[in-house]
Amino acid sequence: MTAIFKREFKAYFRTPIGYIVLAAYFMFLGIYFSLIYSYGSPDLSSLLLAMSVVVTFTVPIITMKLMSEDRRQKVDQVLLTSPVKLSGIVLGKFFAALCVYAIGFSPAVIFEIIVASYVSVNVLSFIYSLFGMILLGAALISIGMLISSLTESPVISAILTLVVNILVLYMSSFSSMVKISWLSAIIEKAAFISAVESFGKNVFSIPDIVYFLSITAAFLFLCVRSLEKRRWA
Amino acid sequence: MIEVKSLSKKYGSYLAVDDVSFSIEKGEVVGFLGPNGAGKSTIMNIITGYLSFTKGNVSVDGIDVIDNPEAAKKRIGYLPEIPPLYTDMKVKEYLYFIYDLKKVKFPKAPHINEIMRLVKIDNVSNRLIKNLSKGYRQRVGFAGALVGNPDVLILDEPTVGLDPKQIIEIRNLISRLGKNHTIILSSHILSEIQAVCERVIIINKGQIIADDTPDNLARKLSYDTSLVARIVCDEKDMISTLSGIDGVSSVTSLGKKENGAYDFNIVPEGDKDVRAAVFNKVKESGKTMLSFSSDAVSLEQIFLRLTEAGDNEAARKILGISKDDNNSADTAAQTQIEESEGENSDSDIQA
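Worth saying up front: this structure is predicted, and the values here are computed from it rather than measured.

S.K.: Explain the overall build of chain B here, please?
M.R.: When its secondary structure is counted, chain B shows 13 helices and 14 strands. With 351 residues in all, chain B has 52% of them scored as buried. In chain B, once contacts between residues fewer than 6 apart in sequence are set aside, the share between residues at least 24 apart is 67%. Of the roughly 15400 Å² of accessible surface on chain B, 48% is carried by carbon and sulfur atoms.

S.K.: Looking at this structure, how should I read the packing of aromatic side chains?
M.R.: Two measures describe an aromatic ring pair: the distance that separates the ring centres and the angle between the ring planes. All names here are of chain A. Enumeration according to the criterion identifies 17 aromatic pairs over all chains in this entry. Pairing Tyr25 with Phe105 gives two aromatic rings, centres 5.5 Å apart and planes at 85°, and the pair type is edge-to-face. Within this pair, whereas Tyr25 is found in helix H2 (residues 16-39), its partner Phe105 is found in the loop between helix H7 (86-104) and helix H8 (106-116), the two being separated by 80 residues in sequence. Relative accessible area serves as the criterion here: at 1%, Tyr25 is assigned to the buried category.

S.K.: What am I meant to see in the pattern of salt bridges here?
M.R.: Oppositely charged side chains are able to pair whenever their charged atoms sit close together. Applying the stated rule across the entire model yields 19 salt bridges over all chains. For the salt bridge of Arg7 of chain A with Glu8 of chain A, the shortest nitrogen-to-oxygen distance reads 3.6 Å. In this structure, Arg7 of chain A and Glu8 of chain A share a single accessibility class: buried. Asp100 of chain B is paired through a salt bridge with Lys108 of chain B; the nearest N and O atoms lie 3.0 Å apart. Looking at Asp100 of chain B, the relative accessible area reads 24%, which means it is partly exposed. Each member of the salt-bridge network shares a partner with another, and the members are Arg7, Glu8, Arg14, Asp70 and Lys93 of chain A together with Asp88 and Glu93 of chain B.

S.K.: Help me understand the nonpolar core in this model?
M.R.: Soluble globular proteins: nonpolar side chains tend toward being buried together. Formed by 150 residues in total, the largest nonpolar core has its most connected members in Tyr101 and Phe192 of chain A together with Phe22, Ile47, Tyr94 and Phe142 of chain B. If you tally residues by element for this core, the top one is helix H9 (residues 123-150) of chain A, at 13 residues. Apart from the residues within four sequence positions on either side, Phe142 of chain B is in contact with Leu79, Val119, Leu155, Ile170, Leu173, Ile174 and Leu177 of chain B. Core analysis: the next-biggest nonpolar cluster, separate from the first, contains 16 residues, Met238, Val248, Val274 and Met289 of chain B among them.

S.K.: I keep staring at the sheet that holds strand S11 (residues 227-232) of chain B and nothing clicks. Help me out?
M.R.: Adjacent strands of a sheet form backbone hydrogen bonds with each other and so pair up, either parallel or antiparallel. All names here are of chain B. The strand order across the open sheet built from four strands is S12-S13-S11-S14, with neighbouring strands paired in antiparallel fashion. At either end of the open sheet lies a strand with only one pairing partner, and these are strand S12 (248-258) and strand S14 (288-294). Across the sheet, the mean angle separating the axes of adjacent strands is 20° when strand polarity is ignored. Packed onto the sheet, helix H9 (residues 235-243) meets S11, S12 and strand S13 (261-268) and runs at close to 155° relative to S12. Each of S11, S12, S13 and S14 touches helix H10 (residues 275-284); the most contacted strand, S14, lies at about 170° to it.

S.K.: What's the story with the sheet that holds strand S5 (residues 63-64) of chain B in this structure? I'm lost.
M.R.: Residue and element names in this part refer to chain B. A sheet is described by the order of its strands in space; here four strands give the open sequence S2-S1-S4-S5, paired in antiparallel fashion. The sheet terminates laterally at strand S2 (14-24) and S5, the two strands that pair on one side only. In terms of strand pairing, strand S1 (residues 2-11) meets S2 through seven bridges, oriented antiparallel. Bridge pairing in S2 links Val4 to Phe22.

S.K.: Is there a simple way to explain the environment of Val119 of chain B in this structure?
M.R.: With respect to the helices, strands and loops of the structure, Val119 of chain B is situated in the loop between helix H4 (108-118) and helix H5 (134-146). What makes Val119 of chain B buried here is its relative accessible area of 2%.

S.K.: In this structure, what is going on with the pairing of S12 of chain B? I would like to understand it.
M.R.: Both faces of the sheet carry side chains from a regular strand, because those side chains alternate between them. Residues and elements named next belong to chain B. Relative to S13, S12 runs antiparallel, the two sharing eight bridges. Bridging from a neighbouring strand, Lys256 pairs with Tyr262 of S13. Hairpin connection of S12 to S13: two residues between the antiparallel strands, including Gly260 at a positive phi of 80°.

S.K.: So what exactly am I meant to see when it comes to the side chain of Ser52 of chain A here?
M.R.: Among the secondary structure elements, Ser52 of chain A is positioned in helix H4 (residues 52-63). If sequence neighbours within four positions are ignored, Ser52 of chain A has contacts with Met133, Leu136, Leu169, Tyr170 and Ile193 of chain A.

S.K.: Where do I start with a nonpolar patch on the surface in this structure?
M.R.: Residues and elements named next belong to chain A. Residues Val155, Ile159, Val163, Leu167, Phe174 and Met177 make up a contiguous nonpolar surface patch of roughly 580 Å² in combined accessible area. In this fold, Leu167 is placed in helix H10 (residues 154-170). What makes Leu167 partly exposed here is its relative accessible area of 44%.

S.K.: Before we go on, may I ask you to explain the packing of H8 of chain A against H9 of chain A in this structure?
M.R.: When two helices pack together, their arrangement is captured by the angle between the axes and the distance separating the axes. Residues and elements named next belong to chain A. At a minimum axis separation of 12 Å, H8 and H9 run at an interaxial angle of 175°. Regarding the angle of H8 to H9, the classification is roughly antiparallel. Two secondary-structure elements touch here, H8 through Ala108, Val109 and Glu112 and H9 through Val123, Phe126 and Leu130. A breakdown of the residues in the contact of H8 with H9 according to their chemical character gives five nonpolar, no polar and one charged.

S.K.: I tried to follow the environment of Ser226 of chain B on my own but got confused; where do I start?
M.R.: Examined against the element boundaries, Ser226 of chain B turns out to sit in the loop between helix H8 (214-221) and S11. For the pair Ser226 of chain B and Val267 of chain B, spaced 41 residues apart in sequence, the C-alpha to C-alpha distance is 4.5 Å.

S.K.: Even after reading the chapter, I still don't get the confidence of the model for chain B, so can you show me in this structure?
M.R.: Low pLDDT means the predicted coordinates in that region are not meant to be read closely. Residues and elements named next belong to chain B. Per-residue pLDDT for chain B averages 81, and the proportion of residues at 70 or more is 82%. Looking at the elements of chain B, mean pLDDT is at its lowest for helix H13 (residues 326-339), recorded as 40, and at its highest for helix H3 (residues 91-101), recorded as 94. Here residues 324-351 scores under 50 on pLDDT; set against residues more than four positions off or in separate chains, the count is 33 contacts. Both confidence scores are given for the complex: pTM 0.81, ipTM 0.88.

S.K.: Just to check I follow, could you spell out the confidence of the model for chain A for this structure?
M.R.: Residues of chain A with pLDDT of at least 70 account for 100%, and the chain-wide mean is 90. When mean pLDDT is compared element by element in chain A, H7 of chain A scores highest at 95, while helix H11 (residues 181-190) of chain A scores lowest at 83.

S.K.: Would you mind showing me how to read the interface of chain B and chain A here?
M.R.: Interfaces are often sized by the amount of accessible area the parts lose when they come together. Listed per partner, the contact involves 30 residues of chain B and 27 residues of chain A. Here chain B meets chain A over a buried area of about 2600 Å², counting both sides, of which 57% is carbon and sulfur. On the chain B side of the interface with chain A, the three residues burying the most area are Tyr50, Tyr86 and Leu101 of chain B, jointly 27% of the side's total. Note that Arg7 of chain A and Asp88 of chain B form a salt bridge whose closest N and O atoms lie 3.3 Å from each other. For the pair chain B and chain A, the number of links is 12 residue pairs in polar contact (both at pLDDT 80 or more). When residues of the side of chain B that touches chain A are traced back to their parent elements, those giving at least two are S1, helix H2 (69-74) and H3 of chain B. If you tally residues by element for the side of chain B that touches chain A, the top one is H3 of chain B, at six residues. Grouping the constituent residues of the side of chain B that touches chain A by class yields 15 nonpolar, five polar and 10 charged.

Conventions adopted
Residues numbered from 1 in each chain as written. Chains lettered and ligands numbered in written order. Predicted model: local features only at pLDDT ≥ 70, side-chain atom pairs only at ≥ 80, totals over all residues. Heavy atoms only, no water. Helix = DSSP H or I, 4+ residues; strand = E, 2+ residues; numbered from the N terminus. Buried < 20%, exposed > 50% of the residue type's maximum accessible area, 1.4 Å probe, protein only. Contact = heavy atoms within 4.5 Å. Areas by Shrake-Rupley, 256 points an atom, 1.4 Å probe, with all protein chains shown as cover. Phe/Tyr/Trp six-rings, centres within 6.5 Å; stacked < 30°, edge-to-face > 60°. Salt bridge = Lys/Arg side-chain N within 4 Å of Asp/Glu carboxyl O. Core = buried A, V, L, I, M, F, W, Y, C linked by side-chain atoms within 4.5 Å. Pairing = 2+ DSSP bridges. Axes fitted to C-alpha atoms, helices over the stretch in contact; angles between N-to-C directions. Patch = residues over 30% accessible without salt bridge, like charges linked within 9 Å, V, L, I, M, F, W, Y side chains within 5 Å. Parallel < 35°, antiparallel > 145°, perpendicular 65-115°, else oblique. Nonpolar A, V, L, I, M, F, W, Y, C, P; charged D, E, K, R; others polar. pLDDT = per-residue confidence, 0-100. Buried area = accessible area lost by both parts, 1.4 Å probe. Polar contact = N/O pair within 3.5 Å; in protein donor to acceptor, adjacent residues only side chain to side chain.

So this is what it looks like as structure tokens:
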């Protein structure tokens with residue numbers, strides 16, 4: 001698993017993908033920070049939550065090649081014939097992607113330290129929000145990985161993941177269109193953005209943590225199954 | 001070392017491997033031969049754990065590949081048809097990755113350096129794989145298979161894309177590795193299998209149609225081998241002269257080859273030896289024979305004859321074996337061949 005993690009993590013920076021994604025995160029964090037700073041607000045958790053739009057568009061780029069490229073280049077043959085468990089392959093790749101994603105948020109920590117050195121801030125609220133964003137990333141990456149494992153084309157993988165990301169994050173916007181009240185309530189609650197927002201409310205929301213973690217685990221499991229299924233094709 | 005028992009693999013409704021059984025002893029070098037789509041790569045992919053199978057049993061060094069895949073995979077080095085390379089990595093970096101992936105215990109740098117020297121890629125160790133030529137990529141793939149020094153090497157067309165010098169180098173390397181490794185090798189280059197392998201398994205339409213040494217296979221088929229004679233003569237007269245010989249079933253002219261000399265293809269009846277009779281007849285008729293040879297069966301011809309035999313039963317009939325007594329027939333043939341070694345080989349080798 002560690003071998004795969006190391007390789008995949010380095011692979012992000014062998015191609016422009018890693019740099020482009022990080023540049024996008026750093027740029028938008030900087031822009032949002034300067035805006036918040038100009039309003040004089042010391043609360044940076046809103047800065048993190050505002051990043052969810054950027055996340056929606058960048059996670060597909062992070063995950064698009066993760067599984068599909070191996071299959072296209074037939075490199076999966078070396079992984080699947082090595083003494084490594086399928087779960088090790090999937091987890092190695094997952095953590096590599098999550099690591100790149102998490103590094104994207106590193107400037108926020110620096111901003112928080114800068115702000116905290118001038119005024120008193122609610123550090124806990126910031127940590128909750130950061131934690132929420134990482135969990136959101138984990139869930140979206142696991143979904144993206146499954147989609148990537150189903151196709152050989154990174155482009156198809158990226159587009160599909162983007163569509164799914166928009167859906168799962170913002171489906172609450174469509175809930176009013178659904179006339180069945182219980183279904184509409186479910187959509188409202190299940191939207192990832194609702195869970196992310198609750199992290200910004202300075203609460204350690206265990207249901208939301210469980211929600212994201214179980215989504216992540218479920219999709220990683222499906223990803224392992226999708227690799228396994230290919231052997232039986 | 002490798003045990004395959006009644007292995008079948010279906011892709012949807014297409015039966016790619018049909019009830020294949022064979023076993024390979026430690027230290028054997030076995031060649032898989034068969035036309036495209038015969039199921040060679042599928043069988044290799046199954047042994048290495050890349051593909052699963054529909055029915056049967058596969059074990060490597062006594063370890064079932066389904067029950068304990070990791071332990072089985074640890075014993076195998078695999079070079080697939082298309083070398084599985086991360087083209088964005090450098091050669092050395094890639095081999096280090098394979099080393100980590102396989103959780104090898106040898107000291108890292110010396111082990112990898114030794115392998116790179118062995119397959120002669122040490123001069124490109126710091127180049128990106130995507131910038132390498134096909135031959136070099138193939139050898140990097142080979143190096144990957146050798147990492148961890150596994151007991152079993154499975155090489156799917158290892159010399160594809162190499163230049164003649166590299167082919168000889170890789171062939172020599174395989175021969176050298178064959179001394180202390182069990183090797184399965186598939187190839188389209190039949191002379192390669194003849195040069196490297198002690199045993200050939202011919203696969204056609206998902207079934208094994210022959211499993212023997214290359215020499216034995218050649219001998220089994222040589223009973224209906226024809227003779228080729230080059231004679232300075234009149235074409236039509238010579239055909240009638242030769243046809244008159246007792247034991248000759250047919251004579252055909254292969255056309256004018258040299259000034260005034262024609263080649264004739266002489267097919268004897270059954271397994272009769274007509275060489276002396278032909279030679280004497282030509283001498284009697286006062287013509288000059290320039291050359292006279294038996295049309296020795298190469299592995300290539302065996303391959304063509306068996307795979308073009310229509311169905312696999314017909315192919316087995318050519319070899320004089322039935323599906324059930326494959327092994328006993330082989331042994332019987334072997335003894336007979338040893339007895340008749342050095343003598344006329346186109347005689348009685350039908351087991």
